[in-house]
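Residue-level structural notes
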Amino acid sequence: MRKLGAVLAAAALLPALMASPAAADPEPPSFLDLSDPTEHTYIVVLDENADPHKVAQRHDDDPLGVYEHALTGYAADMTGSEAADLLTDPQVAFIQPDQVVHAFDQDIPNGIARVFAPDNPNLDINGQQDYVPDVAIAVLDTGVDGSHPDLNVVDSVDCTSGTCTANDPTDGNGHGTHVAGSAAAIDNDLGVVGVAPGAQVWNVQVLNAAGSGSLAGIAAGVDYVTANADQIGVANMSLGCEGCSDQALTQAITNSVAQGVAYAVAAGNSARDAANFFPANHPDVLTVSSMADSDGAPGGNGGTLTC
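Residues numbered from 1 in each chain as written. Predicted model: local features only at pLDDT ≥ 70, side-chain atom pairs only at ≥ 80, totals over all residues. Heavy atoms only, no water.

**Notes on the sheet that holds strand β6 (residues 153-158)**
One open sheet accounts for seven strands, arranged β7-β6-β8-β5-β9-β11-β13; its pairing is mixed. Only two strands of the sheet have a single partner each, and these edge strands are β7 (165-166) and β13 (286-288). Both strand β5 (residues 136-141) and strand β8 (residues 200-205) contribute to a ladder of six bridges, which runs parallel. By the bridge assignment for β8, Ala-138 is matched with Trp-202. (Pairing = 2+ DSSP bridges. Helix = DSSP H or I, 4+ residues; strand = E, 2+ residues; numbered from the N terminus.)

And the structure:
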């Protein structure tokens, strides 16, 4: 009797189970036009434990790219209807349309504006390299990336050992390339613009990838610049040490300046007296200090910066 009652109870429950509504398919996003037969590129993001190759194969997608590290998924061309069907796959987290992005327009840094480079009619900074300053700038630093499209690197040596030898212009640190950009980034629609846009850059590597080097290596770099003083007009050294001095390097800089090379040297940029930094305290160099500047104009009207 108990067995018969259980059967009757199960039979009574069966219609109710069968009548339960099936889970509704997810509503397709508004960006999907189900009636458009045109294929568009969509980025398909999957659950972390999904295999993007298997999911793509299951849906007959031919991935343009597969993501397996920063996120799990792939990009593929498909119609809006196909993308909506893909959303019913339980391993699909979401889908989004691909979009076009553009590089930002060239920027004039505040420091470049502050030295009135944009106001120089000869430079004609307008996003097109109409005029190239007739000057070569030696960057004594960590190296300069010679493949950078915003720089005109024409010569390269490595002086870190104390002897300058020709090398491919590379930068294992980034500091030298940054400095070269401030000095001579080309006037185009890329990145920033320099004080002397498009000027020739001589890569004189005196610091290693860690950003350090010896006074002997720097002296070799100054010696190389002086040997080419008929071509190099300016040398930049955004480097130095606090409380140190070097009679040999001091003499080398003096003699190099006497040969017609102007030296721009960082003040130390440490909120301390530049008189204690070498070679910023050399009497024959142009010592340049960093400053907080929010508008690139004199007068202190740009507002307060927190640095």
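**A few points about the packing of helix α6 (residues 215-227) against helix α7 (residues 247-258)**
Contact geometry for α6 and α7: axes closest at 10 Å, N-to-C directions at 15°. The angle between the axes of α6 and α7 places the two elements in the roughly parallel class. In the packing of α6 onto α7, the handedness of the crossing is left-handed. Where α6 abuts α7, its residues Leu-215, Ile-218, Ala-219, Val-222, Val-225 and Thr-226 lie against Leu-249, Ala-252, Ile-253 and Ser-256. Considering only residue class, the contact of α6 with α7 consists of eight nonpolar, two polar and no charged. (Axes fitted to C-alpha atoms, helices over the stretch in contact; angles between N-to-C directions. Parallel < 35°, antiparallel > 145°, perpendicular 65-115°, else oblique. Left-handed = near helix turned anticlockwise from the far one by under 90°. Contact = heavy atoms within 4.5 Å. Nonpolar A, V, L, I, M, F, W, Y, C, P; charged D, E, K, R; others polar.)

**Describing α7**
Between its first and last C-alpha, α7 extends 17 Å over twelve residues, near the 16 Å set by a 1.5 Å rise per residue. Among the residues of α7, those classed as buried are Leu-249, Ala-252, Ile-253 and Ser-256. Projected down its long axis, α7 shows its buried positions confined to an angular sector of 95°, all on one face. Of the exposed residues in α7, those oriented more than 90 degrees away from the buried face are Gln-247 and Ala-258. Where α7 is buried, its residues meet α6, β9 (234-237), β11 (262-266) and β12 (277-278). Among the residues of α7, the N-terminal cap falls to Asp-246, whose side-chain oxygen and the backbone nitrogen of Ala-248 are separated by 2.8 Å. Gly-260 sits one or two positions beyond α7 and adopts a positive phi of about 105°. (Expected span 1.5 Å × (residues − 1). Buried < 20%, exposed > 50% of the residue type's maximum accessible area, 1.4 Å probe, protein only. Arc of directions from axis to C-beta. Polar contact = N/O pair within 3.5 Å; in protein donor to acceptor, adjacent residues only side chain to side chain.)

**A few points about the nonpolar core**
Core analysis: the biggest nonpolar cluster contains 29 residues, and Leu-140, Val-204, Val-222, Val-225, Met-237 and Tyr-263 have the highest contact counts within it. Within the residue set of this core, elements represented by two or more residues are β5, β8, α6, β9, α7, β11 and β12. The element contributing the most residues to this core is α6, with five residues. When near neighbours in sequence (up to four residues on either side) are disregarded, Val-222 contacts Leu-140, Met-237, Leu-249, Ala-252, Ile-253, Ser-256 and Tyr-263. The next biggest cluster of nonpolar side chains, apart from the first, holds 16 residues, and it includes Val-55, Ala-83, Ala-84 and Leu-87. (Core = buried A, V, L, I, M, F, W, Y, C linked by side-chain atoms within 4.5 Å.)

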